[in-house]
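In case you want the letters, here they are:
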Amino acid sequence: AVRAVFKRSWNSYKEHAWLRDELAPVSGKGKTTFGGWGGMLVDALDIPWIIELWDDFYLAANAAA
């Protein structure tokens, strides 16, 4: 259940707010609220690794590098 919820949220972030700081829940658009360094991407980087979403982990790690 946790994996499915994360994948849904992560896919929305990738589609609508990739490399932005956060995904706005109502508008569904990306927001730059932390200086534009991809705050959500960096903050959530460990989760794909923990739940074994290797492709998403490496995609995010390369984007954050």
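Caption draft 1: Inspection of helix H1 (residues 2–17) at higher detail. For H1, built from 16 residues, the straight-helix expectation of 22 Å at 1.5 Å per residue is met to within 8% by its first-to-last C-alpha distance of 21 Å. What H1 keeps buried is the set Phe-6, Trp-10, Tyr-13 and Ala-17. The arc enclosing the buried residues of H1, seen along the axis, measures out at 80°, which places them on a common side. Along H1, exposed side chains directed more than 90 degrees from the buried face belong to Ala-4, Arg-8 and Glu-15. Those residues of H1 that are buried lie in contact with strand E1 (22–23), strand E2 (30–31), helix H2 (39–43), helix H3 (46–50) and helix H4 (54–64). Following H1 by one or two positions, Leu-19 has its phi on the positive side, about 70°.

Caption draft 2: Up close: the nonpolar core. The biggest cluster of nonpolar side chains holds nine residues, and these are Phe-6, Trp-10, Tyr-13, Ala-17, Leu-41, Ala-44, Ile-51, Leu-53 and Ala-60. Of all the elements, H1 adds the most residues to this core, at four residues.

Caption draft 3: Spatial organisation of H4. Among the residues of H4, those classed as buried are Asp-56, Phe-57 and Ala-60. Viewed end-on, H4 has its buried residues packed into an arc of 100°, placing them on one side of the element. Of the residues in H4, the exposed ones pointing more than 90 degrees away from the buried face are Asp-55 and Asn-62.

Caption draft 4: Spotlight on the packing of aromatic side chains. Counting across every chain of the model gives eight aromatic pairs. Ring centres of Trp-49 and Trp-54 lie 4.7 Å apart, and the angle between their planes is 70°; this geometry places the pair in the edge-to-face category. The class for Trp-54 is partly exposed, based on a relative accessible area of 37%. Both rings, one in Trp-49 and one in Phe-57, keep their centres 4.9 Å apart while their planes meet at 65°; by these two values the pair is edge-to-face. You can call Trp-49 partly exposed: its relative accessible area is 41%.

Caption draft 5: The side chain of Asp-21, seen in detail. Examined against the element boundaries, Asp-21 turns out to sit in the loop between H1 and E1. Within the local environment of Asp-21, its side chain forms a polar contact with the backbone nitrogen of Thr-33, the two atoms lying 3.0 Å apart. Residues contacting Asp-21, with those up to four places away along its chain left out, are Lys-31, Thr-32, Thr-33, Phe-34, Gly-35, Gly-36, Trp-37, Gly-38, Gly-39 and Met-40.

Calculation criteria
- Residues numbered from 1 in each chain as written.
- Predicted model: local features only at pLDDT ≥ 70, side-chain atom pairs only at ≥ 80, totals over all residues.
- Heavy atoms only, no water.
- Helix = DSSP H or I, 4+ residues; strand = E, 2+ residues; numbered from the N terminus.
- Expected span 1.5 Å × (residues − 1).
- Buried < 20%, exposed > 50% of the residue type's maximum accessible area, 1.4 Å probe, protein only.
- Arc of directions from axis to C-beta.
- Contact = heavy atoms within 4.5 Å.
- Core = buried A, V, L, I, M, F, W, Y, C linked by side-chain atoms within 4.5 Å.
- Phe/Tyr/Trp six-rings, centres within 6.5 Å; stacked < 30°, edge-to-face > 60°.
- Polar contact = N/O pair within 3.5 Å; in protein donor to acceptor, adjacent residues only side chain to side chain.

Keep in mind these numbers describe shape, not what the thing actually does.
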